[in-house]
Amino acid sequence: DLHSFPTRRSSDLHSLATVSFDLKQLGIEKSPIGTSKVTINDGEKVAHVVKRYFEINGVKIQGTESEDYGFYLKRVYKKNITKGIPKKIREKYFPPPDYEPFEKDSLGAKDFGQESGWKYNLNGETPNVGMSSKEAHDGDEIIIWYTLKL
């Protein structure tokens, strides 16, 4: 009596995106989270993939309610995420004597001026639409980055 094993259909193979995290505009060269290969399920938006990236790296985030519509990443929580910001950048936004009124373990919109916040780059371009408006595809390269000027 032979056992039959189901063969893998191509629809069962997961697509993958490469997701990374960039704080270079804050003067931090080495990413505090790093780069991960993240599974994309059929028809998913970039917002779903980005949320999964943070989950697999054990990083909490605050964003608007739904990844399906109008998702915006507001804040990323990670121990010492703001460690290593050069003095000249800190002093530009926070003149002495209080250099660091921002949180050490989180980074969010408007922390470094009214125009600072999170953006994303998809395959080398910064789309002018939100993460929940773009569908994710196999081989996509997504960079989550912090900007000082939205």
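Calculation notes
- For every chain, the first residue of the written sequence is number 1, and numbering continues from 1 along that sequence.
- Under the rules for a predicted model, residues below a pLDDT of 70 receive no local features and side-chain atom pairs below 80 are neither given nor counted, while totals for whole chains, interfaces and linings still include all residues.
- Derived side-chain values reflect all non-hydrogen atoms in the structure, with water molecules and hydrogen atoms excluded from consideration.
- In DSSP terms, a helix is any run of H or I states spanning at least four residues, a strand is any run of E spanning at least two, and both are numbered starting from the N terminus.
- Note on classification: 1.4 Å probe, protein chains only; a residue is buried when its accessible area is under 20% of the maximum for its type, exposed when over 50%, partly exposed between these limits.
- For this analysis, residues touch if any pair of their heavy atoms sits within 4.5 Å.
- In short, Shrake-Rupley with a 1.4 Å probe defines the accessible areas, and a residue's cover is counted only from the protein chains shown.
- Strands pair, by our definition, only if DSSP identifies at least two bridges between them.
- Both cavities and pockets are sets of points on a 1 Å grid over the protein atoms alone; in a cavity a 1.4 Å probe fits but cannot get out, in a pocket the set is open with protein on both sides within 12 Å along at least five of seven lines, and lining residues sit with an atom within 4 Å of a point.
- Grid points are joined across faces, edges and corners, and a volume is the space filled by probe spheres set on the points.
- We call Asp, Glu, Lys and Arg charged. Ala, Val, Leu, Ile, Met, Phe, Trp, Tyr, Cys and Pro are nonpolar, and the rest, Gly among them, are polar.
- Here, axes are lines fitted to C-alpha atoms. For helices the fit covers the stretch in contact, and angles between N-to-C directions go from 0 to 180 degrees.

Trainee: Where do I start with the overall build of the chain in this structure?
Mentor: Each helix and strand in the chain was counted, giving 2 helices and 7 strands. Ordered by position from N to C terminus, the α and β elements of the chain give β-β-α-β-β-α-β-β-β. Looking at the chain as a whole, 38% of its 150 residues qualify as buried. Contacts in the chain between residues at least 24 apart in sequence constitute 59% of all its contacts with a sequence separation of at least 6. Carbon and sulfur atoms make up 49% of the accessible area of the chain, which totals about 9,300 Å².

Trainee: Could you clarify how one ought to interpret the pairing of strand β2 (residues 36-40) in this entry?
Mentor: Remark: a regular strand shows side chains that alternate across the two faces of the sheet. Side chains of β2 alternate between two faces, with S36, V38 and I40 buried and K37 and T39 left unburied. Taken together, the 5 bridges between strand β1 (residues 15-22) and β2 define a ladder with antiparallel strand orientation. Note that in β2 the partner of A17 across the bridge is V38.

Trainee: Even after reading the chapter, I still don't get the layout of surface pockets, so can you show me in this structure?
Mentor: Rolling a probe over the atoms, with the probe sized like a water molecule, indicates the empty space that remains. Of the pockets and cavities examined, the largest pocket occupies roughly 180 Å³. Every residue lining the largest pocket is listed: F71, Y72, L73, W118, K119, Y120, T126, P127, N128, V129, G130 and M131. When residues in the lining of the largest pocket are grouped by element, the largest group, 3 residues, is from strand β6 (residues 117-122). Taken together, the residues of the lining of the largest pocket break down into 8 nonpolar, 3 polar and 1 charged.

Trainee: Explain the environment of V19 to me, please; I cannot follow it from the model alone.
Mentor: With respect to the helices, strands and loops of the structure, V19 is situated in strand β1. Among residues more than four places away in sequence, those in contact with V19 are G34, T35, S36, V38, V49, Y53, I142 and I144.

Trainee: Sorry, what's going on with the sheet that holds β1 here?
Mentor: Strands pair in a sheet through their backbones, by hydrogen bonds, and they do so in one of two ways: parallel or antiparallel. A sheet is described by the order of its strands in space; here 4 strands give the open sequence β2-β1-β7-β6, paired in mixed fashion. The open sheet is flanked by β2 and β6, the only strands paired with a single partner. Put simply, the sheet's adjacent strands are angled 30 degrees from each other on average, direction ignored. Direction of pairing for β6 relative to strand β7 (residues 141-147): antiparallel, over a ladder of 6 bridges. Bridged to W118 within β7 is Y146. Docked against the sheet, helix α1 (residues 46-56) engages β1, β2, β6 and β7, running at close to 130 degrees with respect to β2.

Trainee: Would you take a moment to explain α1 for this structure?
Mentor: Because an α-helix packs 3.6 residues into every turn, residues spaced three or four apart end up facing the same way. The element α1 is extensively covered by neighbouring structure, given that 8 of its 11 residues are classed as buried. The elements touched by buried residues of α1 are β1, β2, β3 (60-63), β4 (73-77), β6 and β7. Backbone geometry just after α1 places G58 at a positive phi near 65 degrees.

Trainee: How should I be thinking about the sheet that holds β4 in this particular structure?
Mentor: Taken in spatial order, the 3 strands line up as β3-β4-β5 in an open sheet, and their pairing is antiparallel. At either margin of the open sheet sits one strand with a lone partner, and together these are β3 and β5 (106-108). Each strand axis lies, on average, 15 degrees off the axis of its neighbour in the sheet, ignoring direction. Sheet topology note: the β3/β4 ladder contains 4 bridges and is antiparallel. Looking at the pairing, K60 lines up with Y77 of β4.

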